[in-house]
Amino acid sequence: MNKFLVYIFISLILVIAGCSQSSDDKVEKNEEGNLSSSQGQNEAEKKETEEPDEEMKETSGAEISETQPTAPLYKLNEVYSVVPIDEADPKVVLLTFDDAPDKRALDIAKTLQKMDAPAIFFVNGHFLQTEEKKKVVKELYDMGFSIGNHTRTHANLKELSEEEQREEIVSVNDEVEAITGERPMFFRAPFGANTDFSRALAKQEGMLLMNWSYGYDFEKEYMSKEKIADIMVNTEYLRDGANLLMHDREWTADALEEIITGLRNKGYGFVDPKTIQGVGKE
């Protein structure tokens, strides 16, 4: 009987020991499982930190490219026509509008924007005496158009002293900068009448000097939508790189869509002024 009790007692001890080991095994496996999961999560987080996903890479690349300067595509020659640099398309014209913002500057800008045609608006300082006109210039700038300097009073610079010329030019640069945050990139003298002083001052101010190849809307004969639309497209002076002079006038605004379409039908594209060599650097 005693032996039988001893045997039962030993058996109970063995069963209890086996259960304890089995429980320890389960705890160990669970801890290993948790550890393995934690390691996987840490490694995934580490990989995510070290290797951004493709979408992030693409976004980052786009942001970088937008801040990188673009090499100039065109330059102005001695008669102010646009000349391609390297492989730029030679069959282009440059659109410019003087005396802004007078009559229809915003209408002109909206037509240009609708038809994807860049241009320069040359501003006269005497149009910037009201908040309304200042807002127009700001809107032109915000729409992506280049703002040029056409002097304060549209005076003939050859009839002014150097100090008067300085006031005519620099005061407009100051006003445009106050409105847009950027000084004008181009200078066009009224009547195309530059002086040695105005040329040197424009260069000092970082502006590219500019005249034109042809223009007609200031002549009485072409002060109608039909006449100006026809001559701007069919003139004998239209050629690769032509610098087209127009003005902020009713008939020009009304004819602009037809002018752009006519030029495109003849195979011409339109130069973005910001791609012209020397802008803001000379």
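What you see is a predicted model; the values in this text were computed from it and never measured.

**Re empty space enclosed by the protein**
And then number 1: Here the structure, examined in full by the defined rule, presents one cavity of 30 Å³ or more.
And then number 2: Computed from the structure, the largest cavity encloses a volume of approximately 50 Å³.
And then number 3: What lines the largest cavity is simply Tyr-141, Ser-146, Ile-147, Val-176, Thr-180, Glu-182, Arg-183, Pro-184 and Met-185.
And then number 4: For the lining of the largest cavity, the secondary-structure elements that each account for two or more residues are strand E5 (146-149) and helix H5 (162-180).
And then number 5: In terms of residue class, the lining of the largest cavity is made up of five nonpolar, two polar and two charged.

**Section: the packing of aromatic side chains**
And then number 1: The tally for this structure, following the rule as stated, stands at four aromatic pairs.
And then number 2: An aromatic cluster is built from Phe-97, Phe-121 and Phe-145, whose rings are joined through pairwise contacts.
And then number 3: Geometry around Tyr-268 places Lys-91 over its ring, the cationic atom sitting 4.1 Å from the centre.

**A look at the side chain of Thr-235**
And then number 1: With respect to the helices and strands, Thr-235 occurs in the loop between helix H7 (225-234) and strand E9 (243-247).
And then number 2: By relative accessible area, which is 8% here, Thr-235 ends up buried.
And then number 3: In this structure the side chain of Thr-235 is engaged in a polar contact, spanning 2.7 Å, whose partner is the side chain of Tyr-216.

**Concerning a negative patch on the surface**
And then number 1: A cluster of like negative charges, contributed by Glu-162, Glu-163, Glu-164 and Glu-167, occupies part of the molecular surface.
And then number 2: Relative to the helices and strands, Glu-164 is located in helix H5.

**Some words on the nonpolar core**
Considering soluble globular proteins, one finds that nonpolar side chains tend to be buried as a cluster.
And then number 1: Val-93, Leu-95, Phe-97, Leu-112, Phe-121, Met-232 and Leu-263 are the most contacted members of the largest nonpolar core, which totals 43 residues.
And then number 2: Every element with two or more residues in this core is listed here: strand E3 (92-100), helix H3 (105-114), strand E4 (120-123), helix H4 (131-142), H5, H7, E9 and helix H8 (250-265).
And then number 3: Among residues more than four places away in sequence, those in contact with Met-232 are Tyr-214, Tyr-216, Leu-244, Leu-245, Met-246, Ile-259 and Leu-263.
And then number 4: Residues Ala-88, Phe-186, Leu-208 and Ile-276 belong to the second largest nonpolar core, which totals 14 residues.

**A few points about the confidence of the model for the chain**
Low-pLDDT stretches of the model should not have their predicted coordinates read in fine detail.
And then number 1: Residues at a pLDDT of 70 or more form 74% of the chain, whose mean pLDDT is 83.
And then number 2: Predicted confidence is poor over residues 19-69, with pLDDT under 50, and the contacts of this stretch with residues over four places away or in other chains come to one contact.

**Details of unusual backbone geometry**
And then number 1: Residues Ala-100 and Pro-101 are joined by a peptide bond in cis, for which omega reads -5°.
And then number 2: For Phe-191, which is not glycine, the phi dihedral falls at a positive 65°.
And then number 3: Tracing the backbone shows Phe-191 in the loop between strand E6 (186-187) and helix H6 (196-204).
And then number 4: Exposure remark for Phe-191: the relative accessible area of 55% places this residue in the exposed category.

**Observations concerning the pairing of E9**
And then number 1: Of all five residues that make up E9, five are buried, and the element is covered over most of its length.
And then number 2: By the bridge criterion, five bridges tie E3 to E9 in an arrangement that is parallel. Looking at the pairing, Thr-96 lines up with Leu-245 of E9.
And then number 3: As paired elements, strand E8 (residues 214-215) and E9 share two bridges and run parallel to each other. Note that in E9 the partner of Gly-215 across the bridge is Leu-245.
And then number 4: Between E8 and its parallel partner E9, the chain crosses via H7, and the hand of that crossover is right-handed.

**Thoughts on the packing of H3 against H4**
And then number 1: Remark: H3 packs on H4, axes separated minimally by 10 Å, with the N-to-C direction vectors making an angle of 10°. Considering their axes alone, H3 and H4 lie roughly parallel with respect to each other. Across from Ala-105, Leu-106 and Ala-109 in H3, the residues of H4 making contact are Val-136, Glu-139 and Leu-140.
And then number 2: When the residues that make up the contact of H3 with H4 are grouped by side-chain class, the tally is five nonpolar, no polar and one charged.

**Quick word on the pairing of E5**
Side chains on a regular strand alternate between the two faces of the sheet.
And then number 1: Both faces of E5 are covered, namely the face carrying Ser-146 and Gly-148 and the face carrying Ile-147 and Asn-149.
And then number 2: Both E4 and E5 contribute to a ladder of four bridges, which runs parallel. The residue bridging Phe-121 from the neighbouring strand is Ile-147, located in E5.
And then number 3: Following the chain from E4 across H4 to the adjacent parallel E5, one finds a crossover that is right-handed.
And then number 4: Bridge analysis of E5 against E6 gives two bridges, and the strand direction is parallel.

Reading the values: rules and limits
Every chain is numbered independently, its residues counted from 1 as its sequence is written. In keeping with the predicted nature of the model, local features appear solely for residues at pLDDT of at least 70, side-chain atom pairs appear and are counted solely at 80 or more, and the whole-chain, interface and lining totals rest on all residues. Side-chain figures throughout are based on the complete set of non-hydrogen atoms in the structure, without hydrogens or water. Residues are called lining when one of their atoms sits within 4 Å of a cavity or pocket point, these points coming from a 1 Å grid over the protein atoms alone, where a cavity is a set in which a 1.4 Å probe fits but cannot get out and a pocket is an open set with protein on both sides within 12 Å along at least five of seven lines. Grid points are joined across faces, edges and corners, and a volume is the space filled by probe spheres set on the points. Only DSSP runs of H or I with at least four residues qualify as helices, and only runs of E with at least two residues qualify as strands; both kinds are numbered from the N terminus onward. Residues were grouped as follows: Ala, Val, Leu, Ile, Met, Phe, Trp, Tyr, Cys and Pro as nonpolar; Asp, Glu, Lys and Arg as charged; and all remaining residues, including Gly, as polar. Whether two aromatic rings pair depends on their centres lying within 6.5 Å, for rings of Phe, Tyr and Trp, where Trp uses its six-membered ring; planes under 30 degrees apart make the pair stacked, over 60 edge-to-face, and the rest tilted. The rule for a charge over a ring is simple: NZ of Lys or CZ of Arg within 6 Å of the ring centre, and within 35 degrees of the ring normal. For every residue, the accessible area obtained with a 1.4 Å probe (protein chains only) is divided by the maximum for its type, and the residue is called buried under 20%, exposed over 50%, and partly exposed between those limits. Between N or O atoms, a polar contact is any pair within 3.5 Å; within protein, one atom must be a potential hydrogen donor and the other a potential acceptor, and residues adjacent in sequence are included only when both atoms are from side chains. Two joining distances apply to patches: 9 Å for like charges and 5 Å for nonpolar side chains (Val, Leu, Ile, Met, Phe, Trp, Tyr), and every residue must have over 30% relative accessible area and no salt bridge. For the area figures, the Shrake-Rupley method with a 1.4 Å probe applies, and any residue is considered shielded solely by the protein chains shown. By definition, a salt bridge exists where a carboxyl oxygen of Asp or Glu is found within 4 Å of a side-chain nitrogen of Lys or Arg. As used throughout, the charge tally considers Lys and Arg to be positive and Asp and Glu to be negative, leaving His and the chain termini uncounted. Charge placement uses NZ in Lys and CZ in Arg. For Asp and Glu, CG and CD serve respectively. Think of a nonpolar core as a cluster: buried Ala, Val, Leu, Ile, Met, Phe, Trp, Tyr and Cys residues, connected wherever their side-chain atoms sit within 4.5 Å. Throughout, a contact is declared for two residues whenever any of their heavy atoms are within 4.5 Å. Each residue carries a pLDDT score, the predictor's own confidence in it, on a scale running from 0 to 100. DSSP bridges decide pairing: two strands pair if at least two such bridges lie between them. With its strands directed away from the observer, a crossover is right-handed exactly when the path from the first strand over the helix to the second travels clockwise. Axis definition: a line fit to C-alpha positions, over the contact stretch in the case of helices; interaxial angles, taken between N-to-C directions, run 0 to 180 degrees. When describing relative orientation, an angle under 35 degrees is termed roughly parallel and one over 145 degrees roughly antiparallel, while 65 to 115 degrees is termed roughly perpendicular and anything else oblique.

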